Amino acid sequence: MNHGFDTLAIHAGQDPEARTGAVIPPIYQTSTYAQDAVGAPRQGYEYSRSGNPTRDALQECLAALEGGPVGLAFASGLAAEDALLRTVCKPGDHVVIPDDAYGGTYRLFAKVAERWGLAYTPAKVSDVDAVRAAIRPGVTRIVWLETPTNPLLGIADIAALAAVAHDAGALLVVDNTFASPYLQQPIAFGADVVVHSTTKYVGGHSDVVGGALVAADRTLGEELRYHQNAMGAVSGPFDAWLTLRGIKTLGVRMDRHCDNAERIAAYLDGHAKVAQVIYPGLPSHPGHEVAAKQMRRFGGMISFRAAGGEEHAVEICNRAKLFVLAESLGGVESLIEHPGRMTHASAAGSPLEVPGDLVRLSVGIETVDDLLADLEQALG
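Below, the structure is looked at part by part. (Residues numbered from 1 in each chain as written. Predicted model: local features only at pLDDT ≥ 70, side-chain atom pairs only at ≥ 80, totals over all residues. Heavy atoms only, no water.)

1. Things to note about the overall build of the protein
Just so we agree on the cut-off: Labels follow the DSSP assignment, with helices taken as runs of H or I lasting at least four residues and strands as runs of E lasting at least two, numbered in each case from the N terminus. Only C-alpha atoms enter the radius of gyration, while the globule expectation follows 2.2 Å times N to the 0.38, with N the number of residues. Residues count as neighbours in contact if any of their non-hydrogen atoms are within 4.5 Å of one another. Residue exposure ignores everything except the shown protein chains as possible cover, and the areas themselves are Shrake-Rupley values with a 1.4 Å probe. In this tally, Asp and Glu contribute negative charge and Lys and Arg positive charge; neither His nor the terminal groups of the chain are included. In this description, the location of a charge corresponds to atom NZ of lysine, CZ of arginine, CG of aspartate or CD of glutamate.
Scanning the protein from terminus to terminus reveals 13 helices and 14 strands. Expected size for 380 residues packed as a compact globule is a radius of gyration near 21 Å; at 21 Å, the protein falls within 12% of this value. With respect to the principal axes defined by its C-alpha atoms, the protein has extents near 75 × 50 × 35 Å. Sequence-distant contacts in the protein: of pairs separated by 6 or more residues, those separated by 24 or more amount to 72%. Here the protein displays about 15300 Å² of accessible surface, and carbon together with sulfur accounts for 52% of that area. Between the centroid of the 30 positive side chains of the protein and the centroid of its 44 negative side chains there is a distance of 3 Å.

Structure follows, in structure tokens:
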């Protein structure tokens, strides 16, 4: 039977526990397991880096939500990205990355992977021809997308870029953190691997750090699983349990995030002290039609440029009260930040440097009129 998203979020990988009937998967807070005989681990469990029932429940649920056969949970989103790169790539390979991306992803490529011998080229992922031009035939191993991108909310056409990547013999990797699997399922459009910082919308409560990979192909998924174990940056059982708890309400939370963001984007779009609003749900957004094709709704992230320039943008962030001044995103509470000086400071001076007048909002699920009032006073 094909179940709906919310049913999968609550039940996939989460059958009642066999011994007691507990409806919530237990936290198996153990490092090792008694074996029935030498070489005969019980149900395959021998050491919690290699396998843990709580983490397995989360991994099965993630795979179901993204529509792939193998899901893997990591200690952070960057740990997931690192494991993916070292599974798929070798020194001398090349990756196309977004010219607008999470600062930590850029740092991983520019400061870590490049020293290992992995070359990269930034490209505008909303421009299919720009991505095609950035590919090095026979050398490019991955085309890496974010959609929407962080923090400028560019939209990449997943299906079109999957075709471009596959024609070049490369894999298409999509960081789906901003959308969440509720709003977008990249594997359905041809992606080979989906990446998540589960810290964000998947966990949803700003109380746990984690990452995930979901593979479209089982063979690749098992290669990733091997490296997950070999490299060891796995999600701990309590972190896995917290993330799984957050997933259960992902659908209802995302609908409220979207409801609130749509109201706020419309409000900002007509404000005299806002030079530009960047939100895929606005018809003025250049990626609006592509986003409408591949997303259920347009998400809870909004960026805008302050009419008064960089210092005005900083003042807005500092004056906000209900919007908490903090990095990260995707929690139930609303956050505000200045990307140029906070999440994307590591990209300063690079092709991924963000405008100084940019403000990024992670719109939470509070009463929207309260959020609008806070923005009104913060804008000055």
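Having seen the structure, we can now continue with the description.
2. Section: the pattern of salt bridges
For the record, the criterion: By definition, a salt bridge exists where a carboxyl oxygen of Asp or Glu is found within 4 Å of a side-chain nitrogen of Lys or Arg. With a 1.4 Å probe rolled over the protein chains alone, any residue whose accessible area is under 20% of its type maximum counts as buried; one over 50% counts as exposed, and the rest are partly exposed.
Using the criterion set out here, one finds 16 salt bridges in the structure. Two residues, D36 and R42, come together in a salt bridge whose shortest N-O distance is 2.8 Å. Exposure remark for R42: the relative accessible area of 46% places this residue in the partly exposed category. The salt bridge partner of K90 is D93, with a shortest N-O separation of 3.2 Å. Residues joined in a network through salt bridges with shared partners are D255, D259, E262 and R297.

3. Observations concerning the environment of I142
Here I142 is to be found in strand β6 (residues 140–146). Spatially, the C-alpha atom of I142 lies 5.1 Å from that of A170, the residues being 28 residues apart in sequence.

4. Points about unusual backbone geometry
Residue P148 follows T147 across a cis peptide bond; omega there is -5°. Mapping P148 onto the fold places it in the loop between β6 and α6 (158–167). In this structure, P151 follows N150 across a cis peptide bond, with omega equal to 15°. Here P151 is to be found in the loop between β6 and α6. The backbone phi angle of S180 is positive, close to 75°, even though this residue is not glycine. Located in the positive-phi region is S328, a residue other than glycine, with phi close to 80°.

5. Observations concerning the sheet that holds strand β13 (residues 335–337)
By way of backbone hydrogen bonds, the strands of a sheet pair with one another, either parallel or antiparallel. Our working definition: Two strands are said to pair when DSSP picks up at least two bridges between them.
Pairing in this open sheet of five strands is mixed, and the strands run β10-β11-β14-β13-β12 from one edge to the other. Across the chains shown, the open sheet's two edge strands, defined by having one partner strand only, are β10 (274–278) and β12 (324–325). As defined by bridge partners, β12 adjoins β13 across two bridges and the pair is classed as parallel. Among the inter-strand pairings, V324 is bridged to a residue of β13, identified as L335.

6. Describing the packing of helix α10 (residues 250–269) against helix α13 (residues 368–379)
As a reminder of what qualifies: All axes here are fitted lines through C-alpha atoms, helices being fitted over the stretch that makes contact, and every angle between N-to-C directions spans 0 to 180 degrees. Here the word oblique covers every angle except those under 35 degrees (roughly parallel), over 145 (roughly antiparallel) and from 65 to 115 (roughly perpendicular). The sense of a crossing depends on the near helix, which, turned anticlockwise from the far helix by less than a right angle, makes the crossing left-handed and, turned clockwise, makes it right-handed.
Where α10 meets α13, the closest approach of the two axes is 10 Å, and the angle between their N-to-C directions is 30°. Considered as vectors, α10 and α13 are oriented roughly parallel to each other. At the point where α10 passes α13, the crossing takes the right-handed sense. On α13, the residues touching N260, R263, I264, Y267 and L268 of α10 are V368, D369, L371, L372, L375, E376 and L379.

7. Points about the sheet that holds strand β8 (residues 193–197)
With mixed pairing, the seven strands of this open sheet are ordered in space as β3-β9-β8-β7-β6-β4-β5. At either margin of the open sheet sits one strand with a lone partner, and together these are β3 (70–74) and β5 (119–123). Strand-to-strand twist in this sheet, taken as the mean axis angle between neighbours without regard to direction, amounts to 20°. In this sheet, strand β9 (residues 211–215) lies alongside β3 in antiparallel orientation, the contact comprising five bridges. By the bridge assignment, L72 is partnered in β9 with L213. The sheet contacts of helix α2 (residues 53–66) involve β3, β8 and β9, and relative to β3 the element is tilted by about 130°.

8. As for the nonpolar core
Note the cut-off: The definition of a nonpolar core used throughout is a set of buried Ala, Val, Leu, Ile, Met, Phe, Trp, Tyr and Cys residues joined through side-chain atoms within 4.5 Å.
Of all hydrophobic cores here, the largest spans 61 residues; its most connected members are I247, I264, L268, I302 and L361. Broken down by element, this core gets its largest block of residues, seven residues, from α10. If you look at the next biggest cluster of nonpolar residues, it comprises 32 residues, including V70, V95, W144 and L171.

These figures capture arrangement, not role.
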